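# Chains, contacts and geometry: an overview
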Amino acid sequence: MSHFFSVTGTDLITDRLILRSWTPAEVAAVLDGTRLPHWAGDFPAEGDHVIAGLFAEQPAWLGEYGHRQLIERDGGLVVGSIGLFWPPSDGDLEIGYGVVPSRQGRGYATEATRALTEFAYGAPGVGTVSAGVELSNPSSIRVLEKAGFQRSHTDTEQQTARYRATPPAGR
């Protein structure tokens, strides 16, 4: 089986990214508007603010199978975030991601989604990994498709779709 990542400590390492868990100091900085020197100029994005605000209510999201920052290996800047909405619900684990506008179009979201999805399938109690996306966001749909997800449901009333990743062989 080929891996899209390697593990160093609790970090996931891909060709161009490090997926590192958020620290309490980084969460506090997002919430109080402090700029940290290792952030890209347009990080945090709106979604990062929302997720950081939910960590107090969802402490498991800061654990091993939770949310991570996307860090460029070349330069060390935080350019987005990706996360698993832990714990699984009836065996299904949802993934979500975002890359700041200055770094979009480079394939970072796809690279990170592949790695975190593969990692998620090794977690206890995970039968499927899925994602929800708005139909008005074709870029996010392409990320999921390039990462190996397939559409499993479309809600025309809500203008959303659900995608599922194919489990690795032997699962």
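Cut-off values and rules
- Residues numbered from 1 in each chain as written.
- Predicted model: local features only at pLDDT ≥ 70, side-chain atom pairs only at ≥ 80, totals over all residues.
- Heavy atoms only, no water.
- Buried < 20%, exposed > 50% of the residue type's maximum accessible area, 1.4 Å probe, protein only.
- Helix = DSSP H or I, 4+ residues; strand = E, 2+ residues; numbered from the N terminus.
- Pairing = 2+ DSSP bridges.
- Right-handed = clockwise from strand over helix to strand, strands pointing away.
- Salt bridge = Lys/Arg side-chain N within 4 Å of Asp/Glu carboxyl O.
- Contact = heavy atoms within 4.5 Å.
- Core = buried A, V, L, I, M, F, W, Y, C linked by side-chain atoms within 4.5 Å.
- pLDDT = per-residue confidence, 0-100.
- Arc of directions from axis to C-beta.

## A short note on the pairing of strand E7 (residues 128-134)
For E7, a buried count of five out of seven residues is recorded, marking the element as mostly surrounded by other parts of the structure. Both strand E6 (residues 92-99) and E7 contribute to a ladder of three bridges, which runs parallel. Paired with Asp92 across the strands is Thr128, a residue of E7. The parallel pair E6 and E7 is bridged by helix H3 (residues 108-120), and the resulting crossover is right-handed. Where E7 and strand E9 (residues 160-165) come together, five bridges link them in antiparallel fashion. When the bridges of E9 are listed, Ser130 appears paired with Arg164.

## What to know about the pattern of salt bridges
Under the criterion given, the structure shown has five salt bridges. For the salt bridge of Arg103 with Glu72, the shortest nitrogen-to-oxygen distance reads 2.8 Å. Taken together, the positions of Arg103 in the loop between E6 and H3 and Glu72 in strand E4 (residues 67-72) put the pair 31 residues apart, joining distant regions of the chain. Neither residue differs from the other here; Arg103 and Glu72 are each classed as buried.

## Focus: the side chain of Thr117
With respect to the secondary-structure elements, Thr117 resides in helix H3. A relative accessible area of 6% places Thr117 in the buried class. In contact with Thr117, not counting residues within four places along its chain, are Ile95, Val129, Phe149 and Ala165.

## Brief notes about the nonpolar core
Among the nonpolar cores identified, the biggest contains 48 residues, and Leu19, Ile95, Leu116, Val129 and Phe149 are the most heavily contacted of them. The biggest single contributor to this core is H3, with six residues. Beyond its immediate chain neighbours, meaning those up to four positions away, Leu116 contacts Leu12, Leu19, Arg68, Ile82, Gly83, Leu84 and Ile95.

## Regarding the environment of Ala25
Inspection of the secondary structure puts Ala25 in helix H1 (residues 24-32). You can call Ala25 exposed: its relative accessible area is 54%.

## Overview of the confidence of the model for the protein
Per-chain confidence: the protein averages 93 in pLDDT, with 94% of residues scoring 70 or above. Across the protein, the element-wise mean pLDDT spans from 67 in strand E1 (residues 6-8) up to 98 in E9.

## A few points about the pairing of E9
Because side chains alternate across E9, one face comprises the buried residues Ala161, Tyr163 and Ala165, and the other comprises Thr160, Arg162 and Arg164, none of which is buried. Across six bridges, the pairing between strand E8 (residues 149-155) and E9 is antiparallel. Bridge pairing links Asp155 to Thr160 in E9.

## Focus: the environment of Phe85
By the element assignment, Phe85 lies in the loop between strand E5 (78-84) and E6. Judged by relative accessible area, which is 25%, Phe85 ranks as partly exposed. With 61 residues separating them along the chain, Phe85 and Lys146 place their C-alpha atoms 21 Å apart. For Phe85, the residues in contact, after removing those within four places along its chain, are Ile51, Trp61, His67, Leu93, Glu94, Ile95 and Gly96.

## Observations regarding H1
The complete set of buried residues in H1 reads Glu26, Val27, Ala29 and Val30. Taken down its axis, H1 places every buried residue within 160 degrees of arc, on the same side. Structural note: H1 exposes Pro24, Ala25, Leu31 and Asp32 on the side pointing more than 90 degrees away from its buried face. Elements that come into contact with the buried residues of H1 comprise strand E3 (17-21), helix H2 (46-54) and E4. The positive-phi residue at the C-terminal boundary of H1 is Gly33, with phi of around 80 degrees.

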